[in-house]
Amino acid sequence: KLMSTKTATSKRVSTKAASAKSAPPASAKSTNPQTRADFGVAPVEMEVLVQAPLARVWAAFVGETNQWWPAEFYSGAQTKGFHIEPKLGGRMYEDWGGGNGLVWGNVVGLDAPNSLSVVGCLFPAWGGPAMYILQFTLMSSGKGTILKVSDTSFGRITDGKIASTHEGWDMLLGRCLKTYVERG
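Values in this document were obtained by computation on a predicted structure and should not be read as measured data.

Thresholds applied
Residues numbered from 1 in each chain as written. Predicted model: local features only at pLDDT ≥ 70, side-chain atom pairs only at ≥ 80, totals over all residues. Heavy atoms only, no water. Helix = DSSP H or I, 4+ residues; strand = E, 2+ residues; numbered from the N terminus. Buried < 20%, exposed > 50% of the residue type's maximum accessible area, 1.4 Å probe, protein only. Contact = heavy atoms within 4.5 Å. Phe/Tyr/Trp six-rings, centres within 6.5 Å; stacked < 30°, edge-to-face > 60°. Lys NZ or Arg CZ within 6 Å of the ring centre and 35° of its normal. Expected span 1.5 Å × (residues − 1). Pairing = 2+ DSSP bridges. Axes fitted to C-alpha atoms, helices over the stretch in contact; angles between N-to-C directions. Core = buried A, V, L, I, M, F, W, Y, C linked by side-chain atoms within 4.5 Å. Left-handed = near helix turned anticlockwise from the far one by under 90°.

Participant: Would you mind going over the overall build of the protein chain in detail, with residue names and values included?
Facilitator: The helix and strand tally for the protein chain stands at four helices and seven strands. Secondary structure elements of the protein chain, listed N to C terminal, follow the sequence α-β-α-α-β-β-β-β-β-β-α. Within the protein chain, the proportion of its 184 residues that are buried is 34%. By sequence separation, contacts in the protein chain at least 24 residues apart represent 48% of the contacts at least 6 residues apart.

Below is the structure:
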């Protein structure tokens, strides 16, 4: 038997209203310690002036990472190198040899030699679970290049995340990459 459009519509609306009433509000938080999580956002931005042409800074940043990325930033002693593959879908990763390693993130945006965007995961061992978005931008400035990093992590964020992230990028870009490029 067919229902009129008006009757069918009112039944659908009634069903939706009933299911909406029985569902918990979207803002409801879990009271179960195993499923409850604190969510935070940790934005960090910084700029480094490197006294070298943009093309040279880009080449060192994406192609000579093993020369300036310090071993203390590796996740383990077995790491043989750190690589950035400057192509869409490319990886930012540690190579442990034999096809093993750890992917830090994947390239989701590229405008070589001007910018590189990476999305990755932070595992619990490194402060997660969380996700992060990295945006590296290079701009010519006089006789040098400004390398800007924007690192936004979101997920389980500890109180010290912003400070430790800033310290890490200052070490990697402000000291290691800058020194490597400027010493030639």
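Participant: Got a sec to walk through the packing of aromatic side chains? Specific residues and values, please.
Facilitator: To describe a pair of aromatic rings, you give the distance between the ring centres and the angle between the ring planes. Considering all chains together, one arrives at nine aromatic pairs under this definition. Measuring from ring centre to ring centre gives 6.4 Å for F61 and W68, while their planes differ by 20 degrees; the resulting arrangement is stacked. Taking relative accessible area as the criterion, W68 reaches 4% and is therefore assigned buried. Ring plane angle 5 degrees and centroid distance 3.8 Å describe the contact between W69 and F82, whose orientation is recorded as stacked. With W69 in the loop between α3 (65-68) and β2 (81-84) and F82 in strand β2, this pair connects stretches of sequence that are 13 residues apart. Three or more aromatic residues joined by ring pairs make a cluster, and in this case those are W58, F61, W68, W69, F73, F82, W104, F136 and W169. Of note, R91 hangs over the ring of Y93, and the distance from its end group to the ring centre comes to 4.1 Å.

Participant: Can you break down helix α4 (residues 161-183) residue by residue, with the values?
Facilitator: Compared with an ideal rise of 1.5 Å per residue, which puts 23 residues at 33 Å, α4 spans 31 Å between its outermost C-alpha atoms and is within 8% of the ideal. Every buried residue belonging to α4 is among K161, T165, G168, W169, L172, L173, G174, C176, L177 and V181, and all of these are buried. In the segment just after α4, G184 is the residue with positive phi, at about 70 degrees.

Participant: So what about the sheet that holds strand β4 (residues 100-111)? Which residues, and what values?
Facilitator: Sheets are built from strands that pair by backbone hydrogen bonding, the pairs being arranged parallel or antiparallel. Spatial ordering of the open sheet is given by β1-β7-β6-β5-β4-β3-β2, a layout of seven strands whose pairing is antiparallel. The open sheet has two free edges, formed respectively by β1 (40-50) and β2, since each of these has just one partner strand. Sheet twist, expressed as the average angle between the axes of neighbouring strands with direction ignored, equals 20 degrees. Bridge count for β1 against strand β7 (residues 144-155) is eleven bridges, and the pairing is antiparallel. Directly across from A42, in β7, lies its bridge partner S153. Of the strands in this sheet, β1, β2, β4, β5 (115-122), β6 (130-141) and β7 are in contact with helix α2 (residues 54-63), which crosses β6 at around 155 degrees.

Participant: Go over the pairing of β5, please, and point to the residues and values.
Facilitator: Within β5, six of the eight residues are buried, which leaves it mostly tucked inside the rest of the structure. As defined by bridge partners, β4 adjoins β5 across five bridges and the pair is classed as antiparallel. In the sheet register, D111 faces β5, and the bridge partner there is S115. Of the pairings in the sheet, the one linking β5 to β6 comprises eight bridges and is antiparallel in character. Considered in β6, the bridge of S117 is made with Q135.

Participant: I'd like a description of the nonpolar core, backed by residues and values.
Facilitator: With 33 residues, the main nonpolar core has F61, F136, W169 and L173 as its most contacted residues. Counting only elements with at least two residues in this core, the list comes to β1, α2, β2, β5, β6, β7 and α4. The residues contacting W169, other than those within four sequence positions of it, are M46, M92, L134, F136, V149, D151 and G174.

Participant: Describe in detail the packing of α2 against α4, supporting the description with residues and values.
Facilitator: The N-to-C vectors of α2 and α4 enclose an angle of 115 degrees; their axes lie 10 Å apart at closest approach. The two elements α2 and α4 meet at a crossing, and its hand is right-handed. Of α4, the residues touching α2 (which contributes R56, V57, A60 and F61) are L173, L177, Y180 and V181.

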